[in-house]
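# Residue-level structural notes
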Amino acid sequence: MTDKEDKTVRQFVLFCRTALMYEKKNYYNERKHMAERETHIETLSLKQSGMLEKIFDTYHADYFSVMGYEIGIIDGDLAQALRKLPDKKIQIVLLYYFAGLSDREIGEIYGIGRSTICDQRNNAIKKLRLLMEEMHYGK
């Protein structure tokens, strides 16, 4: 091996060592950062552990299919009230509140104006409110 090849090999080895050293530092810094932010499940309070059940218990969720996506509704009363609405209004409500689309974007999907979508969504919310009040207060 010539001196130039030997120098190139040593430079490459030094580069690899340096890269590995910084990768190791980044790994340990990331682990430290995660340890500061994460909490073990055993250390959660009773109230916090009760919240976990709501997050992870999607077995009892009612699923609605909207634009090829399955949207799970955990609240049984809301799901029951939604099922009493026409399909188009269900989809408008779910696209707006759960998928995060704007009235304009929903209007583009259905080929109608933003204000029409806004009116239909507001009417659907009023109907949902009435249906849920009937379920709770027996009107």
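## Structural notes on the packing of aromatic side chains
- A complete count under the given rule lists two aromatic pairs for this structure.
- For the pair Tyr27 and Tyr28, a centre-to-centre distance of 5.5 Å together with 70° between the ring planes defines the contact as edge-to-face.
- Taking the relative accessible area as the measure of exposure, Tyr27 reaches 46% and is therefore partly exposed.
- Their ring planes at 80° and their centres at 4.8 Å tell us that Tyr96 and Tyr97 sit as a pair that is edge-to-face.
- Judged by its relative accessible area of 44%, Tyr97 falls in the partly exposed class.
- Of note, Arg83 hangs over the ring of Phe64, and the distance from its end group to the ring centre comes to 4.4 Å.

## What about helix H4 (residues 87–97)?
- Every buried residue of H4 is accounted for by Ile90, Ile92, Val93, Leu94 and Leu95.
- Where H4 is buried, its residues contact strand E1 (62–66), strand E2 (69–73), helix H3 (76–83), helix H5 (103–110) and helix H6 (114–137).

## Comments concerning the side chain of Asp103
- As for its position among the elements, Asp103 is in helix H5.
- By relative accessible area, Asp103 is classed as buried at 9%.
- Apart from the residues within four sequence positions on either side, Asp103 is in contact with Tyr96, Arg114, Ile117, Cys118 and Arg121.

## Let's talk about the packing of H4 against H6
- Where H4 meets H6, the closest approach of the two axes is 9 Å, and the angle between their N-to-C directions is 100°. It follows from the interaxial angle that H4 and H6 lie roughly perpendicular. Residues Lys88, Lys89, Ile92, Val93, Tyr96 and Tyr97 of H4 touch H6, and the partners they reach there are Ile117, Gln120, Arg121, Asn123, Ala124, Ile125 and Leu128.
- Its residues assigned to classes, the contact of H4 with H6 comprises eight nonpolar, two polar and three charged.

Rules behind the numbers
- Residues numbered from 1 in each chain as written.
- Predicted model: local features only at pLDDT ≥ 70, side-chain atom pairs only at ≥ 80, totals over all residues.
- Heavy atoms only, no water.
- Phe/Tyr/Trp six-rings, centres within 6.5 Å; stacked < 30°, edge-to-face > 60°.
- Buried < 20%, exposed > 50% of the residue type's maximum accessible area, 1.4 Å probe, protein only.
- Lys NZ or Arg CZ within 6 Å of the ring centre and 35° of its normal.
- Helix = DSSP H or I, 4+ residues; strand = E, 2+ residues; numbered from the N terminus.
- Contact = heavy atoms within 4.5 Å.
- Axes fitted to C-alpha atoms, helices over the stretch in contact; angles between N-to-C directions.
- Parallel < 35°, antiparallel > 145°, perpendicular 65-115°, else oblique.
- Nonpolar A, V, L, I, M, F, W, Y, C, P; charged D, E, K, R; others polar.

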